[in-house]
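Here is what each chain is made of, one letter per residue.
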Amino acid sequence: SKRIEAVYRSKEQELKSALEKVTDKKKGAETIEAKRREAAQEEMKLKEPIYKEIRQAVRTVAKNKGCDVVLDSQAVQFGGVDLTADVINELKKKK
């Protein structure tokens with residue numbers, strides 16, 4: 001999303017500014033790692049409401065379809081019922 005891209009651009013700018021002030025390679029590597037962690041944390045914060053909404057839609061669809069267990073399609077070799085389209089429709093209802 002645009003907000004996530006903005007966070008990464010901001011962290012990249014912060015990193016560039018911080019690295020200009022660093023002369024020690026070890027300190028530079030630590031700075032890079034710290035900025036990567038900060039960016040990842042910001043990304044998780046921004047994505048969490050989206051994931052929560054998706055999980056709720058999956059629960060709603062599964063309950064309506066009488067499914068007790070929902071698995072990611074990559075975990076299923078064959079069989080089962082694909083709920084993807086129904087989950088997307090459920091998400092669209094909330095927009």
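For the structure itself, look to the data block above.
The text that follows walks through the structure, step by step, so that each part is easy to find.

The rules behind these values
Per chain, the residues get numbers from 1 upward, laid out in the order the sequence is written. Residues qualify for local features only when their pLDDT is at least 70, as the model is predicted, and side-chain atom pairs are given and counted only at 80 or more; totals for whole chains, interfaces and linings, by contrast, use all residues. Based on all heavy atoms of the structure, the side-chain values leave hydrogens and waters out of the count. Put simply, DSSP marks the helices as runs of H or I at least four residues long and the strands as runs of E at least two long, and each gets a number from the N terminus on. Between buried and exposed lies partly exposed: a residue is buried under 20% and exposed over 50% of the maximum accessible area for its type, with that area taken using a 1.4 Å probe on protein chains only. By definition, residues are in contact when any of their heavy atoms lie within 4.5 Å. Reported accessibility uses the Shrake-Rupley method at a 1.4 Å probe radius. Residues are deemed covered only where the shown protein chains occlude them. His is not counted here, nor are the chain ends, while Lys and Arg score as positive and Asp and Glu score as negative. Every charge is mapped to an atom, namely NZ of Lys, CZ of Arg, CG of Asp or CD of Glu. The span one expects for a helix is its residue count, reduced by one, times 1.5 Å. The reported arc concerns the directions from the helix axis to the C-beta atoms and nothing else.

## Side note on the overall build of the chain
Helix and strand counts for the chain stand at three helices and zero strands. For the chain, the succession of helices and strands along the chain, N to C, is α-α-α. With respect to the principal axes defined by its C-alpha atoms, the chain has extents near 60 × 30 × 15 Å. A total of 95 residues make up the chain; the buried ones form 18% of that total. Expressed as a percentage of contacts within the chain between residues at least 6 apart in sequence, the contacts between residues at least 24 apart total 59%. For the chain, the exposed surface amounts to about 8100 Å²; the carbon and sulfur share of it is 53%. Side chains of the chain carry 23 positive and 17 negative charges; the gap between the two charge centres is 3 Å.

## Description of the environment of Ile88
Following the sequence through the fold, Ile88 ends up in helix H3 (residues 84-93). Given the relative accessible area of 41%, Ile88 is considered partly exposed. Sequence separation between Ile88 and Ile54 is 34 residues; the distance between their C-alpha atoms is 8.7 Å.

## Examining helix H1 (residues 2-21)
Taking 1.5 Å of rise per residue, 20 residues should cover 28 Å, and H1 covers 29 Å from first to last C-alpha, within 8% of that figure. Turning to H1, its buried residues are Ile4, Val7, Lys11 and Leu15. The arc that holds the buried residues of H1, viewed along the axis, is 75 degrees, so those residues lie on one side. Residues of H1 that are exposed and point more than 90 degrees away from the buried face comprise Lys2 and Glu20. The inward-facing, buried residues of H1 contact helix H2 (25-65).

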